[in-house]
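In case you want the letters, here they are:
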Amino acid sequence: MEIYLDANATTPVLAQARAAAMAVMDQDFGNPSSIHSTGLKARALMDTVRARARRVLGVATGELLFLSGATEGIQTAVLSALSALRQRRDEDAPGPARDLRWLLYGATEHKAVPEALRHWNRLLGLDLEVKAIPVGRDGRHDLDWLRAHAPQAGMVCTMAANNETGVISDLDGIAAVLASLEATQRPFWMVDGVQALGKLPLRLEARGIDYAPFSGHKLYAPKGIGLLYVRAGAPFTPLLAGGGQESALRSGTENMSGIAALGAVLAALEEGRDFRDGPTLHSYRERLTQALTDAFPALQFNAPPDLCLPTTLNFSVPGLSSKLLLDLFDAADVRVSGGSACSAAKAQPSYVLEAMGLPASQTASAVRLSFGPATDDAFIREACARIRACGEALRENCLSPTGNQPLPADGVTRFVVDGACCWLVADAASQRCVVIDPLPELNDRLSQWVRCQGYALAAVLDTHSHGDHASSAASLRAAVPELLAPGETDALGWPLVDGRHDRVAALVLGERRLTRLPIPGHTEDSTAYLLHDAHGLTTAFVGDMVMPGALGRSDFDQSAPFAYRDSLRQLAEVVGPHAVLAPAHDYDNRFASTLSAESAYQPLLAHALRGTLDAQAFAAAKAGLERHLALTEYQTMACGARIDGSRFEVDTEVDLAALRDLLERHPQARLIDVREPYEQRLSLLPDLPERGAGHRLQATPLSRLVDALPEWLSLPADQPLVFFCRSGNRSAQAAQALRRLGHEAAFTLAGGLALWPKEAAIDSALYV
Ligand code: PLP
């Protein structure tokens, strides 16, 4: 069962609303403008629903229009108010001229509001300044600021309750500020009532609100139906002109199935059926809060619960990104969101939480969990159980401070922060690990991981000293003194032989061994660390010397530009053309490179390896590339000149039918689940080893991709590797990376598991 906890984005349609809509499509399909009996029936239905909406909203006067949703309601309200402002300006109305300067909106308003203000302000040539009303840490409007600015405002827009945090606005406070103004100075007032409908009494008339838009799909009606309240006497300009429907206020044949469905929801609300009362909803929130706190002990709530709708919880878990938490919940079939649905596709911090002044660490890990007022007890019980299971999955994978019985980690794991890569090499048998190129942002996570696993930290290595900042290796070592291998190290962290200044020849991690290879260039001290297993070299950690699409820059004070070419040749001699090279930077999610693949994209590297440029000419050509290096997209210093000609994007998608075909033609094809282990543990995928055809299915999390590369790259180039994940994004990255490294038969499952009918997808397709 899916646990849908994203009701502020949209809700399912209530059964009786579906039935009402079906009846209208099936039987009572009349056009309410027709004057025959079929039409009259439709009009009667519409009148009944409108009357019900008036009762539910408590508005005896003014207009209540049916339209397509809140966005249209907002446009109509803004157009109406701004047209009136413009008309007043054009008519040069008698009396004291108002010094109008602003159109005001709450800083946490839905984007539809400021965008509509800007749009109509521009189109109508009003040229007022569209300005955000600041909110406090509690998410509520700054009323002193409003008091100071309202006399020069033409319109004020303040939502009733926020969609991301559930914070309920102080509408009485705002009403008092506006009422204190002279009537001639009073701005028009719109209250976006979308998240309040069915949850809060709005007292629209008593508060003197001019416009209030609503959307049906936020309260169990279908998408495409909404309401707009317009106060009696408030100016009105139709957005849609045409056949004169809705008393010519909103032309276009009415959405009768939507209206009928909305009517059924309003009836249930009015009659107290299906909807829980306030105390019950508060008790649901309490239970969810408890489950979340049990699952994520470090969790912080991002808005004060006593000021919020009981149906919305917004929280952050320090050290875990919104993306990680969303993937985790989704694997447990719990749908939550990282913010508003409209901006969820863009990985940007929430402007709502930023406006509340929350620190970046908190906005970057925010999750919104919201349920509708028709939720029941069994649903909340199951939701709480799944949330606790999510916490357990994190503990097992050492992602929670309370983890104690972890699954033993083994192999190479990658961590990325703004394009910078840190590598963890773990050996389960010997319970030893090494961190390569630590990053300060990962300090807490890595030290927690090491402590939770209880592995000895054999070394914290840097592949080079950094041009622009100190290494965070010392702080990582200091964080886990009890697990740190004793003894002296060189400046990059490599252990020295006891009592001497010689370096140890190899770092031993059970059957794995790390050796070092000096490769000066990017810096004088640049060093590659070569990982060997019982069968030979598997991976070379090469720092910034060779990155996917770039060679490390060599224009720092501590660079050795004239040694660069020979270092590359030395590296080639030691590791060969096909060894997997793990970089310290990877801005485009290419994961790793090989000298052979990289030479095809980077002509300078090819020249160096072929010996067609000497060290001087190589350094000069390279300096040319680095002359105008700009900051990266993360506003960090670029570690090398990226060769844009090597942008590599090919179509790797297969759909279900193509996959079946592929599996039929290639019995040796492999299906690779690249979701992280905590997701795989929660997901409904059957246990892999117990399945007859399980040899086809492999679990290789994206963070462990590089660990698997040496084996995959040794397979025949036509052996299909089909990657899949939740949405198709991560598996696409994996497939692209494999293609770039020369494995032509790498594919990604289009749309990911999200688009697959569960049973059909897993059982009949993946496990043929
Ligand atoms: N206002 C708020 C507070 C909302 O949450 C939403 C939807 O997310 C809207 C306006 C826009 O509603 P619709 O997309 O239904 O037009």
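Residues numbered from 1 in each chain as written. Predicted model: local features only at pLDDT ≥ 70, side-chain atom pairs only at ≥ 80, totals over all residues. Heavy atoms only, no water.

**Student:** Help me understand the overall build of the chain, please; the structure alone is not making it clear to me.
**Tutor:** Each helix and strand in the chain was counted, giving 24 helices and 28 strands. Taking all 768 residues of the chain together, the buried fraction comes to 56%. Across the chain, the fraction of contacts at a sequence separation of at least 24, relative to all contacts at a separation of at least 6, is 71%. Here the chain has roughly 31200 Å² of accessible surface; of this, 53% comes from carbon and sulfur atoms. Taking the average place of the 71 positive charges on the side chains of the chain and the average place of its 89 negative ones, the gap between the two points comes to 4 Å. (Helix = DSSP H or I, 4+ residues; strand = E, 2+ residues; numbered from the N terminus. Buried < 20%, exposed > 50% of the residue type's maximum accessible area, 1.4 Å probe, protein only. Contact = heavy atoms within 4.5 Å. Areas by Shrake-Rupley, 256 points an atom, 1.4 Å probe, with all protein chains shown as cover. Lys, Arg positive; Asp, Glu negative; His and termini not counted. Charge placed at Lys NZ, Arg CZ, Asp CG, Glu CD.)

**Student:** Before we go on, may I ask you to explain the site of the ligand in this structure?
**Tutor:** Close to the ligand lie Ala70, Thr71, His110, Met159, Asn163, Asp192, Val194, Gln195, Ser215, His217 and Lys218, which account for all nearby residues. Within the side chain of Lys218, a nitrogen or oxygen atom sits 2.5 Å from an oxygen atom of the ligand. About the coverage of the ligand: the protein hides 86% of its 400 Å² of free accessible area. Residue classes in the shell around the ligand are distributed as 3 nonpolar, 6 polar and 2 charged. (Near = heavy atom within 4 Å. Polar contact = N/O pair within 3.5 Å; in protein donor to acceptor, adjacent residues only side chain to side chain. Nonpolar A, V, L, I, M, F, W, Y, C, P; charged D, E, K, R; others polar.)

**Student:** Looking at this model, I keep getting lost on the sheet that holds strand S10 (residues 312–316). Mind explaining?
**Tutor:** Spatial strand order, S9-S10-S12: 3 strands in an open sheet with antiparallel pairing. What marks the edges here is a single partner per strand, and that holds for strand S9 (300–301) and strand S12 (366–370). Both S10 and S12 contribute to a ladder of 5 bridges, which runs antiparallel. Along S12, the bridge assignment pairs Leu313 with Leu369. (Pairing = 2+ DSSP bridges.)

**Student:** Got a minute to help me understand the confidence of the model for the chain in this structure?
**Tutor:** The predicted structure's coordinates, where accompanied by low pLDDT, should not be read in detail. For the chain, per-residue confidence averages 91 on the pLDDT scale, and residues scoring 70 or more make up 94% of the total. This stretch, residues 340–346, has a pLDDT under 50; its non-local contacts, to residues over four places away or in other chains, come to 6 contacts. (pLDDT = per-residue confidence, 0-100.)

**Student:** Would you take a moment to explain the side chain of His522 for this structure?
**Tutor:** Among the structural elements, His522 can be located in the loop between strand S18 (512–518) and strand S19 (527–533). A polar atom in the side chain of His522 sits 3.2 Å from the side chain of Asp544. Those residues within four positions of His522 in sequence are excluded, and the remaining contacts are His464, Asp544, Met545, Gly552, Arg553, Ser554, Phe556, Gln558, Ser559, Tyr564 and Cys639.

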